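Residues per chain, in single letters:
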Amino acid sequence: MSAVRTGEVAPERLAGWIERFTSSHGDVTRSIDRGTSPSSYLLTAADGSWARLTGWWDAREEDALEQGGWLTGEWACPPPLFVVLVRRGGYAVAVTSRDVRLLAHKVGTRHVQSRTAAGGWSQQRYARRRANQADALVEAVVAHAVRVLAEGEEQLRATVGGLVLGGDRSLAAQVLEAVGSSAVGSSSVGSRAVGSSAVARGARSRLHGIPRREFWDVADPRRSVLDETVRRGSAVRVEVWNA
């Protein structure tokens, strides 16, 4: 039995990808895969193979029923994104445009001491130092993130419509909570974005109420890591099963 393969396809390459899938598996029928996500289309091929495409925006019935071509343009493109990557070795924050340009960003390093095997008072001292360093890291990232978000949204003349998180889950959550408290407002950009993935995780901030993607496997953030995460976060997620 074939395994489901997963991948990511850049918006500008999605039409070609669909053409190749159709050429390999026969005519396809399209439907909205609401059982998975309101942002997912399901392509079912003549030979029984299928592909699930998941973007940032709600799938639309008129696009699923369109027989003259695949209307990938608006649906396939991401909204403006706010990116927060943080690990104990560094951080990166950015705002991107709908055409995936970096409008504002900051990448930096910060040292947080690793855990120690020492016991007794030494262990407690190291633990306090490590906690203080982690607090200082979060504080620094929050300051940069608030500035980058403000600069990016000023260039957009709108608010971000999607959130990309990566790195250390706990640190990222702390940064997001603090940034969100400073960025209260209402988003118009993401008004059509995915409903189920946009469930509010806290009423204190609009950032908690917009769609998000999470990449906890990223390396210590550097500029190259930021660029790769933006590429992945902007892509259409694809799952394929070959009959």
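Residues numbered from 1 in each chain as written. Predicted model: local features only at pLDDT ≥ 70, side-chain atom pairs only at ≥ 80, totals over all residues. Heavy atoms only, no water.

1. Comments concerning the overall build of the protein
- Broken down by element type, the protein carries 6 helices and 10 strands.
- Residue burial in the protein is summarised as follows: out of 243 residues, 46% are buried.
- Put simply, of all contacts in the protein between residues at least 6 apart along the chain, 64% involve residues at least 24 apart.
- Of the roughly 11900 Å² of accessible surface on the protein, a fraction of 49% belongs to carbon and sulfur atoms. (Helix = DSSP H or I, 4+ residues; strand = E, 2+ residues; numbered from the N terminus. Buried < 20%, exposed > 50% of the residue type's maximum accessible area, 1.4 Å probe, protein only. Contact = heavy atoms within 4.5 Å. Areas by Shrake-Rupley, 256 points an atom, 1.4 Å probe, with all protein chains shown as cover.)

2. Some details on the side chain of aspartate 168
- Along the chain, aspartate 168 turns up in the loop between β8 (162-167) and α5 (169-181).
- Buried and unpaired, aspartate 168 has no salt bridge, with arginine 88 as the nearest side chain of opposite charge at 4.1 Å.
- Among the polar contacts made by the side chain of aspartate 168, one reaches the main-chain amide nitrogen of serine 170 at a distance of 3.0 Å.
- Setting aside residues no more than four positions away along its own chain, aspartate 168 makes contact with Val86, Arg87, Arg88 and Trp216. (Lys, Arg positive; Asp, Glu negative; His and termini not counted. Salt bridge = Lys/Arg side-chain N within 4 Å of Asp/Glu carboxyl O. Polar contact = N/O pair within 3.5 Å; in protein donor to acceptor, adjacent residues only side chain to side chain.)

3. Here we look at the packing of aromatic side chains
- One pass over the full model with this rule turns up 2 aromatic pairs.
- Relative to phenylalanine 21, the ring of tryptophan 17 lies with its centre 5.6 Å away and its plane at 10 degrees, an arrangement referred to as stacked. In this pair, tryptophan 17 and phenylalanine 21 both sit in helix α1 (residues 14-25), 4 residues apart, roughly one turn of the helix. The exposure classification of tryptophan 17 matches that of phenylalanine 21, with both residues buried.
- Relative to tryptophan 75, the ring of tyrosine 41 lies with its centre 5.0 Å away and its plane at 70 degrees, an arrangement referred to as edge-to-face. With tyrosine 41 in strand β3 (residues 40-45) and tryptophan 75 in helix α3 (residues 73-76), this pair connects stretches of sequence that are 34 residues apart.
- By relative accessible area, tryptophan 75 is classed as buried at 3%. (Phe/Tyr/Trp six-rings, centres within 6.5 Å; stacked < 30°, edge-to-face > 60°.)

4. Focus on the sheet that holds strand β9 (residues 212-215)
- Strand order across the open sheet formed by 5 strands is β7-β6-β5-β8-β9, with mixed pairing between neighbours. The two strands at the open ends of the sheet, each matched to only one other strand, are β7 (102-109) and β9. Within this sheet the neighbouring strands show an average axis-to-axis angle of 10 degrees, counted without direction.
- Strand direction decides the pairing type here: strand β6 (residues 90-96) and β7, joined by 7 bridges, are antiparallel. Bridged to threonine 96 within β7 is leucine 102.
- In the packing of helix α6 (residues 223-234) onto the sheet, contacts are made with β5 (81-87), β6, β7, β8 and β9, and the angle to β7 comes to roughly 135 degrees. (Pairing = 2+ DSSP bridges. Axes fitted to C-alpha atoms, helices over the stretch in contact; angles between N-to-C directions.)

5. Comments concerning the nonpolar core
- The biggest cluster of nonpolar side chains holds 30 residues, and the ones touching the most others in it are Leu14, Trp17, Phe21, Leu53, Trp75, Val83 and Leu226.
- Elements represented by at least two residues in this core include exactly α1, β3, β4 (50-54), α3, β5, β6, α6 and β10 (236-241).
- If you tally residues by element for this core, the top one is α1, at 4 residues.
- Counting residues in hydrophobic clusters, the runner-up holds 26 residues, among them Val148, Leu149, Leu176 and Ile210. (Core = buried A, V, L, I, M, F, W, Y, C linked by side-chain atoms within 4.5 Å.)

6. Points about unusual backbone geometry
- With phi around 65 degrees, valine 100 is a residue other than glycine that occupies positive phi space.
- Summarising the element assignment, valine 100 is placed in the loop between β6 and β7.
- Of note, arginine 157 is a non-glycine position whose phi angle comes to about 60 degrees, a positive value.
- If you trace the backbone, arginine 157 turns up in the loop between α4 (120-156) and β8.
- Classification of arginine 157 as exposed rests on a relative accessible area of 79%.

7. So, α1
- With 12 residues, α1 should cover 16 Å at 1.5 Å per step; its first-to-last C-alpha distance of 16 Å lies within 8% of that length.
- Of all the positions in α1, only Leu14, Trp17, Ile18, Phe21 and His25 are classed as buried. The buried residues of α1 occupy an angular sector of 100 degrees when the element is viewed end-on, so they sit on one face. Turned more than 90 degrees away from the buried face of α1 sit Glu19, Arg20 and Ser23, all of them exposed.
- Those residues of α1 that are buried are in contact with β1 (5-9), β2 (28-32), β3, β4, α3 and β10.
- Immediately beyond the C-terminal end of α1, within one or two residues, lies glycine 26, with a positive phi of roughly 95 degrees. (Expected span 1.5 Å × (residues − 1). Arc of directions from axis to C-beta.)

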